[in-house]
Amino acid sequence: MITAAATIKPLTPKQQLFVDEYMKDRNATQAYIRSGYSAKGANTHVPRLVANGPIAAEIARRRSTRGHLLKFRHMESGYFDSK
């Protein structure tokens, strides 16, 4: 049996850099340019890149992880304490 995770291709180094840059400010166009892609084609290529299965999956995974980390930090600070 093949799982969905097993069929997702790994990201290329440039795609990984794009995701890293995107997570900094969630600005896909600027992340595209900072990742070394041409600014000239950004408006055309960014929507396709963000919709790319493996890239979209990695962004979703990181958003989920980041949300859990932020919640944990708030819990440590007592933000969620009910009184």
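Check the entry above for the structure.
A short tour of the structure in this document, coming up. Just so it is clear, the model here is predicted, and its values are computed rather than measured.

1. Notes on the nonpolar core
Membership of the largest hydrophobic core comes to 14 residues, with the highest contact counts inside it found for F18, V19, Y22, Y32, L49, I55 and I59. Of all the secondary-structure elements, those providing two or more residues to this core are α2 (13-25), α3 (28-34), α4 (42-51) and α5 (53-77). Among the elements that line this core, the one with the most residues is α2, at four residues. The contact partners of I59, leaving out residues within four places of it in the chain, are F18, V19, Y22 and M23.

2. Quick word on the environment of Q30
If you trace the backbone, Q30 turns up in helix α3. Spatially, the C-alpha atoms of Q30 and F18 are 9.4 Å apart, while their sequence positions differ by 12 residues.

3. Focus on the pattern of salt bridges
Should the charged atoms of two oppositely charged side chains come close, the side chains can pair. Summed over all chains, the structure comprises six salt bridges. The closest approach of N and O atoms between R62 and D20, which form a salt bridge, is 2.7 Å. Here R62 is found in helix α5, whereas its partner D20 is found in helix α2, with 42 residues between them in sequence. In this structure, the salt-bridge partner of R34 is D25, at a minimum N-O distance of 3.2 Å. Exposure remark for R34: the relative accessible area of 35% places this residue in the partly exposed category. Classification of D25 as partly exposed rests on a relative accessible area of 40%. Three or more residues are tied together by salt bridges with common partners; here these are D20, E58, R61 and R62.

Conventions used here
- Residues numbered from 1 in each chain as written.
- Predicted model: local features only at pLDDT ≥ 70, side-chain atom pairs only at ≥ 80, totals over all residues.
- Heavy atoms only, no water.
- Core = buried A, V, L, I, M, F, W, Y, C linked by side-chain atoms within 4.5 Å.
- Buried < 20%, exposed > 50% of the residue type's maximum accessible area, 1.4 Å probe, protein only.
- Helix = DSSP H or I, 4+ residues; strand = E, 2+ residues; numbered from the N terminus.
- Contact = heavy atoms within 4.5 Å.
- Salt bridge = Lys/Arg side-chain N within 4 Å of Asp/Glu carboxyl O.

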